Each structure stands twice: as C-alpha cells, then as structure tokens.
Amino acid sequence: MALKQKDRAILDSYNIVADTIALMFGSHCEVVIHSLSNVSQSVTKIVNGHVTGRKEGSPLTDFGIEIYKKANSLESDVVGPYFINVDDGRKLRCVTLLIRNEKAKPIGMMCINIDLSLP
C-alpha cells in the first residue's frame, strides 16, 4: 500500500518527535518510525539504531506485524511497555505507538526502545 501525500506528511511529522525523545533519554534510547506501506522495508527514521542494529530500510519486527494485524481491535494505540531481549542478551523496555491518519487507518508506528543494561 502506497502512502498518500497527507499520510506521508503525518508520518514525517513524527521525525522531530523521535529526535527529541532520543535527545532526552540519551544514546541508550532507540526511537524508530515505521511506515506500514512496506513492512519489509518499514523503518523510515531511526535514532540510535546501534541499540538493536537496525537502520533505515530495515523491516518491521514480528511483534510489530502482530500489532498491525490487531490494529482495529486494540483498546489503545499505545502498546506497552513490554520487554524484549536482543540477540546479545540485553533486555530492552519498549513501547509502541500506532500512528493513524485522519480516517483512523494505521499508517505507521513509533517505537521507543530503552537498553536496560545501561544506567
């Protein structure tokens, strides 16, 4: 599904929010903006990608796909906080925001992941 110009503008408006959150919490806080137009290359913005090793163009995670599939039955557009373990054993505390357009259609996600191995 290709994003319409209005949808792209909504999604792009979260880029400064991602920068701000990462600035506030530091280099152990990864903030990711996903576009749901192509889940195999969903990451459109990532700050502190070293936390998980992802970069722009990385795919949506399996958990993200589950959130997307359940988008219309969720009680809230905020999922979490929840915990995940990355490949090297570190634990992350995460929260995901489902981003919707003016018609309430899911168009993206913003994920905040904090590495708990650092103070």
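The structure under discussion appears in the preceding block.
We now turn to the structure provided with this report. Per-chain numbering applies: the sequence of each chain, read as written, is numbered from 1 onward. In view of the model being predicted, local features appear only for residues whose pLDDT reaches at least 70, and side-chain atom pairs are presented and counted only at 80 or more, with totals across whole chains, interfaces and linings using the full set of residues. Only hydrogens and water are set aside; all other atoms, that is, all heavy atoms of the structure, feed into the side-chain values.

## Here's the deal with the sheet that holds strand S1 (residues 29–35)
Only when DSSP finds a minimum of two bridges between them are two strands counted as paired. Secondary structure follows DSSP: runs of H or I at least 4 residues long count as helices, runs of E at least 2 residues long count as strands, and numbering of each begins at the N terminus. On the basis of which strands lie adjacent, the open sheet formed by five strands has the order S2-S1-S5-S4-S3 and antiparallel pairing. The open sheet has two edge strands with one neighbour each: strand S2 (43–47) and strand S3 (78–85). Direction aside, the axes of adjacent strands within the sheet are offset by 20° on average. Note: S1 against strand S5 (residues 106–115), seven bridges, orientation antiparallel. Residue pairing across strands places Cys29 opposite Ile114, the latter belonging to S5. Docked against the sheet, helix H3 (residues 62–69) engages S3, strand S4 (91–100) and S5, running at close to 140° with respect to S5. Lines are fitted to the C-alpha atoms to define the axes, a helix being fitted only along its stretch in contact, and any angle between axes, read from their N-to-C directions, falls within 0 to 180 degrees. We call two residues in contact whenever any of their non-hydrogen atoms come within 4.5 Å of each other.

## Points about the pattern of salt bridges
Salt bridges are defined by distance alone: a side-chain nitrogen of Lys or Arg within 4 Å of a carboxyl oxygen of Asp or Glu. Summed over the entire model, instances satisfying the criterion amount to seven salt bridges. The salt bridge involving Asp19 is made with Lys45; its shortest N-O contact spans 3.0 Å. Highlighted residues: Asp19 in helix H2 (residues 15–25) and Lys45 in strand S2, separated in sequence by 26 residues. A relative accessible area of 30% means that Asp19 is categorised as partly exposed. Residue burial is assigned from relative accessible area. The probe radius is 1.4 Å, only protein chains are included, and a residue is buried under 20% of its type maximum, exposed over 50%, and partly exposed in between.

## Observations concerning a positive patch on the surface
Grouping into patches uses exposed residues only, defined as over 30% relative accessible area, and leaves out salt-bridged ones; the cut-off is 9 Å for like charges and 5 Å for nonpolar side chains (Val, Leu, Ile, Met, Phe, Trp, Tyr). For the accessible areas, the method is Shrake-Rupley and the probe is 1.4 Å, while residue cover comes only from the protein chains on display. Charge counting treats Lys and Arg as positive and Asp and Glu as negative, with His and both chain ends excluded. Every charge is mapped onto a representative atom, which is NZ of Lys, CZ of Arg, CG of Asp or CD of Glu. Taken together, the side chains of Lys4, Lys6, Lys103 and Lys105 make up a positively charged region of the molecular surface. Assignment of secondary structure puts Lys105 in the loop between S4 and S5. Looking at Lys105, the relative accessible area reads 41%, which means it is partly exposed.

## Regarding the pairing of S1
For S1, the buried fraction is high: seven of the seven residues fall into the buried class. Across the two faces of S1 the burial is the same, with Cys29, Val31, Ile33 and Ser35 and Glu30, Val32 and His34 all buried. Bridge count for S1 against S2 is four bridges, and the pairing is antiparallel. Note that in S2 the partner of Ile33 across the bridge is Lys45.

## Here we look at the state of the cysteines
Cysteine pairs can be linked by a disulfide, which is a covalent bond between their two sulfur atoms. A pair of sulfur atoms, both from cysteines and within 2.5 Å, is called a disulfide here. Inspection of the entire model under this criterion finds zero disulfides. Cysteine Cys94 is unpaired, with the sulfur of Cys111 as its nearest cysteine sulfur at 7.9 Å.

## Overview of H2
Counting along an α-helix, one turn takes 3.6 residues, and residues three or four places apart therefore face a common direction. Taken residue by residue, H2 has Ala18, Ile21 and Ala22 as its buried positions. Looking down the long axis of H2, one finds its buried residues gathered within 95° of arc, a one-sided arrangement. With respect to the buried face of H2, the exposed residues turned more than 90 degrees away are Ile16, Leu23 and Met24. Check the buried side of H2 and you find it contacts S1, S2 and S5. Each C-beta atom gives one direction from the helix axis, and the arc is the one those directions make.

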